[in-house]
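Given next are the chains, with one letter for each unit.
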Amino acid sequence: MKVFVAGHRGMVGGAICRRLEARGGHEILRRTRQELDLTDQAAVRAFMQAEQPDAVVLAAAKVGGIHANNSYPAEFIYENLVMEANVIHQAYAAGVARLLFLGSSCIYPRAVAQPMAEAALLTGVLEPTNEPYAIAKIAGIKLCESYNRQYGVDYRSVMPTNLYGPGDNFHPENSHVLPAMIRRFHEAVESGADEVVIWGSGKPRREFLHVDDMAEASLFVMDLDREIYEANTQPMLSHINVGTGEDVSIRELAELVAEVTGFTGRITQDVSKPDGTMRKLMDVTRLSDMGWRASIGLRGGVEETYRWYLENADQLRES
């Protein structure tokens, strides 16, 4: 089976490639951005027609935390919309029967009931800090559903909660909360600082899923018999949540990262910074009922991620 993993250099795409390699029996197509710009429609068309993949995993995306989303909203909506439109349409045009689109939990309304069920999609106003990115991801879901309905293909969508793990982005300004904390606490230990300041009140609650669990869940969903997948979804509500079903406060997360990194100083909050959504917990009943559950605990996952960070710290500081 020939599988094109779009975004293989990213954290999720890389984890999916590792899982496919461990399985064996697959030819994995990989292209860097320099080799294939997914925002270039003609280039994507030529690639799909030449390679004729059997399946596509669309893990490529422009991603970032609150700061990045607030700073570059036009880039977040434009690049994500164009990439997914090009890949999904050209996959169809090349005869690709199965595709998996990876979204994000930010697709759900800001004031949504917790935990967030799939049926909550498009029932309210989105969180303003990442609305452009969320709009793009919702469009990706609807692209898949529309091509399924009109052309009879089998394009599926999974919506992960907050992901972390080896290969994460640890940039001090443009990363998500967990890798940003790991870097900040580690550097505080290195410098002998007696205080680490975290954004916001520390009260918002977040759910975190290790990227290796996400890769396993992605392939689990992709491998499901079509009858099983369609029996557990609806034609216009076909996406599946992926998460642990458990969350922690940002303050609790900071205390855990402090323990893992060996930081013993004060943790204080900068309440002038935005909190974002107060709680984001996935309802993972649909996926659980089909037989998949996360297996990597938060502490063990953070410890593994910190080890990876230490092994790659010199390279990451230059980025």
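Attention here is on the structure that accompanies the text. Residue positions are given per chain, counting from 1 as you read along its sequence in written order. Residues qualify for local features only when their pLDDT is at least 70, as the model is predicted, and side-chain atom pairs are given and counted only at 80 or more; totals for whole chains, interfaces and linings, by contrast, use all residues. In computing side-chain properties, one takes all heavy atoms of the structure into account and sets aside hydrogens as well as water.

## Some thoughts on the overall build of the protein
The helix and strand tally for the protein stands at 11 helices and 13 strands. By the compact-globule yardstick of 20 Å for 319 residues, the protein fits well, its C-alpha radius of gyration being 19 Å. For the C-alpha atoms alone, the extent of the protein along its principal axes is close to 60 × 40 × 35 Å. Think of it in three bands: with a 1.4 Å probe and only protein chains considered, a residue is buried below 20% of the maximum accessible area for its type, exposed above 50%, and partly exposed in between. Residue burial in the protein is summarised as follows: out of 319 residues, 53% are buried. The contact definition used throughout considers only heavy atoms, calling two residues in contact when any of these lie within 4.5 Å. Taking contacts inside the protein between residues at least 6 apart in sequence as the whole, the part at least 24 apart equals 81%. Numbering of helices and strands runs from the N terminus, with a helix taken as a DSSP run of H or I at least four residues long and a strand as a DSSP run of E at least two residues long. Put simply, the radius of gyration uses C-alpha atoms, and a globule should come to 2.2 Å times the residue count raised to 0.38.

## Re unusual backbone geometry
With the exception of glycine, the majority of residues adopt a negative phi angle, and the majority of peptide bonds are in the trans configuration. For the bond from Q114 to P115, the omega torsion is -10 degrees, close enough to zero to count as cis. Looking at the element boundaries, P115 is found in the loop between strand 4 (98-102) and helix 5 (131-151). Positive phi is not limited to glycine here, since Q52 has a value of about 50 degrees. With respect to the helices and strands, the residue Q52 is situated in the loop between helix 2 (41-51) and strand 3 (55-58). In this structure, L122 takes a positive phi of about 65 degrees despite not being glycine. Of note, L122 is situated in the loop between strand 4 and helix 5. Judged by its relative accessible area of 57%, L122 falls in the exposed class.

## Section: empty space enclosed by the protein
In this analysis a 1.4 Å probe is tested at points of a 1 Å grid over the protein atoms alone, and where it fits but cannot get out there is a cavity; an open set with protein on both sides within 12 Å along at least five of seven lines is a pocket; lining residues have an atom within 4 Å of a point. Grid points are joined across faces, edges and corners, and a volume is the space filled by probe spheres set on the points. Per the stated rule, a full pass over the model turns up one cavity of 30 Å³ or more. Its volume calculated, the largest cavity comes out at about 60 Å³. Around the largest cavity, the lining is made up of 13 residues, and of these Y108, P109, E127, T277 and K280 lie nearest the centre. Side-chain classes follow a simple rule in which Ala, Val, Leu, Ile, Met, Phe, Trp, Tyr, Cys and Pro form the nonpolar group, Asp, Glu, Lys and Arg form the charged group, and the remainder, Gly included, forms the polar group. For the lining of the largest cavity, the per-class residue count stands at five nonpolar, four polar and four charged.

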